[in-house]
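Each chain, letter by letter, is given below.
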Amino acid sequence: MVSHHPQKRLAGPLARARGLGSAKHGLQHWWTQRVSAVALVPLTLWFVYSVVHLTGADQARVHAWLSRPATAILMSLFIVATFYHLALGVQVVIEDYVHREGVKLTTMLLVKGLIVLTAAAALFAVLRVAVGS
Amino acid sequence: MADATPTRRPRPISPFLFPPTGIYRWQITSTLSILHRVSGIALGFGALLLTWWLLALLGEPSDFDAVQAFLGSPLGLLLLLGWTWALFFHLSNGIRHLVWDTAHGLELPSVYRSGWTVVILSVVLTAATWVAGYFLV
């Protein structure tokens, strides 16, 4: 990529200094996908551990578990990290397989809209239980 | 000398690539790569289930029982088993990817070894989780 021929450099000095490339987002997608992945390692292990302990639990027991501050905080973080990581991953899948611009944009908006809606619902449920109605 | 009607050879067409009928030999690298994507999408649907489960906490106790009853049905248990494996596979293979991002473990023997480690680990962790869940009921 690095050329010592000034004529072969297509990007101007400012564009190269910004380092954002043709997509104008630079490393942001790649990096945030990794950051959310790293966050999800401990959060996922905690989630599985918790769910195993809640096997066969009724509503009162799960409600009591989720209303504990530590649970509510970790579950909120788990939800945010999960749906954020999901949105980033789904974006790549759509970009890889859907090539017509109009269809791609529509699919992207629909799927990401659904992810945001679901994330908001999950987060609302946690906060409602934790803070009380 | 020149034949009046040259025999028509069948024109080359793009071959089907993927096993079992394609021209490629099966390899763990590509299999785990596509499984990472497939398990990720499956976990996205699992996140919908998690949301349903959490929302059921806001309704009547019978609403929550309905979710638990579905999860305890044969179809529900099968889905949970699939999601458990998808979760552990995506988790361990994701860590494999994070290691690769540090430019380590990229030699082919190392890639194969970590690949099989991920497969075995995901199955062992899935089994351990279900055994633990079974004994805790």
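I will try to describe carefully the structure that is included in this document. This one's a predicted model, so the numbers in the text were calculated from it and none came from an experiment.

### Section: the overall build of chain A
And then number 1: The number of helices and strands found in chain A is 5 helices and 0 strands.
And then number 2: In chain A, the order of α-helices and β-strands from amino to carboxyl end is α-α-α-α-α.
And then number 3: If one aligns the C-alpha atoms of chain A with their principal axes, the spans along those axes are about 70 × 30 × 25 Å.
And then number 4: When each of the 133 residues of chain A is scored for burial, the buried share is 15%.
And then number 5: Sequence-distant contacts in chain A: of pairs separated by 6 or more residues, those separated by 24 or more amount to 72%.

### Points about the interface of chain B and chain A
And then number 1: The partner chain A presents 28 residues to the 25 residues of chain B that form the contact.
And then number 2: At the level of secondary structure, the elements contributing two or more residues to the side of chain B that touches chain A comprise helix H1 (28-55), helix H2 (61-72), helix H3 (74-101) and helix H4 (108-136) of chain B.
And then number 3: For the side of chain B that touches chain A, the element with the highest residue contribution is H1(B), accounting for 10 residues.
And then number 4: Each residue belonging to the side of chain B that touches chain A can be placed in one class, and the counts come to 17 nonpolar, 6 polar and 2 charged.

### Quick word on the packing of helix H5 (residues 101-131) of chain A against H1(B)
And then number 1: Packing of H5(A) against H1(B) leaves a shortest axis separation of 9 Å and a crossing angle of 35°. Handedness of the H5(A)/H1(B) crossing: left-handed. Between H5(A) and H1(B), the residues in contact are A:Thr118, A:Ala121, A:Ala122, A:Ala125 and A:Val126 and B:Ala47, B:Leu48, B:Leu50, B:Thr51, B:Leu54 and B:Leu55, respectively.
And then number 2: In terms of residue class, the contact of H5(A) with H1(B) is built from 9 nonpolar, 2 polar and no charged.

### Examining the packing of helix H2 (residues 28-53) of chain A against H3(B)
And then number 1: With their axes 10 Å apart at the nearest point, H2(A) and H3(B) run at an angle of 145° to one another. Viewed along their axes, H2(A) and H3(B) form a crossing whose handedness is left-handed. Counting all contacts with H2(A), which are made through A:Arg34, A:Ala37, A:Val38, A:Val41, A:Thr44 and A:Val48, the residues of H3(B) involved are B:Leu87, B:Leu91, B:Gly94, B:Ile95, B:Leu98 and B:Asp101.
And then number 2: Its residues placed into classes, the contact of H2(A) with H3(B) shows 8 nonpolar, 2 polar and 2 charged.

### Observations concerning the nonpolar core
And then number 1: Counting residues in each nonpolar core, the largest one holds 17 residues, and the members touching the most others are A:Ile79, A:Phe83, A:Ala122, A:Ala125, A:Val126, B:Leu54 and B:Leu57.
And then number 2: Contributing elements (two or more residues each) for this core: helix H4 (69-97) and H5 of chain A together with H1 of chain B.
And then number 3: Ranked by residue count, the leading element in this core is H4(A), at 6 residues.
And then number 4: Those residues in contact with A:Phe83, other than ones at most four positions away along the chain, are A:Ile115, A:Thr118, A:Ala119 and B:Ala47.
And then number 5: Counting residues in hydrophobic clusters, the runner-up holds 7 residues, among them B:Leu43, B:Phe88, B:Phe89 and B:Leu91.

### Observations concerning unusual backbone geometry
Residue and element names in this part refer to chain B.
And then number 1: At Ala103, a residue that is not glycine, the phi angle is positive and equals roughly 65°.
And then number 2: Relative to the helices and strands, Ala103 resides in the loop between H3 and H4.
And then number 3: Residue classification places Ala103 among the exposed positions, given that 7 C-beta atoms sit within 10 Å.

Conventions and cut-offs
Residues numbered from 1 in each chain as written. Chains lettered and ligands numbered in written order. Predicted model: local features only at pLDDT ≥ 70, side-chain atom pairs only at ≥ 80, totals over all residues. Helix = DSSP H or I, 4+ residues; strand = E, 2+ residues; numbered from the N terminus. Buried ≥ 20, exposed ≤ 12 C-beta atoms within 10 Å, placed from the backbone. Contact = placed C-beta atoms within 7 Å. Nonpolar A, V, L, I, M, F, W, Y, C, P; charged D, E, K, R; others polar. Axes fitted to C-alpha atoms, helices over the stretch in contact; angles between N-to-C directions. Left-handed = near helix turned anticlockwise from the far one by under 90°. Core = buried A, V, L, I, M, F, W, Y, C linked by C-beta atoms within 7 Å.

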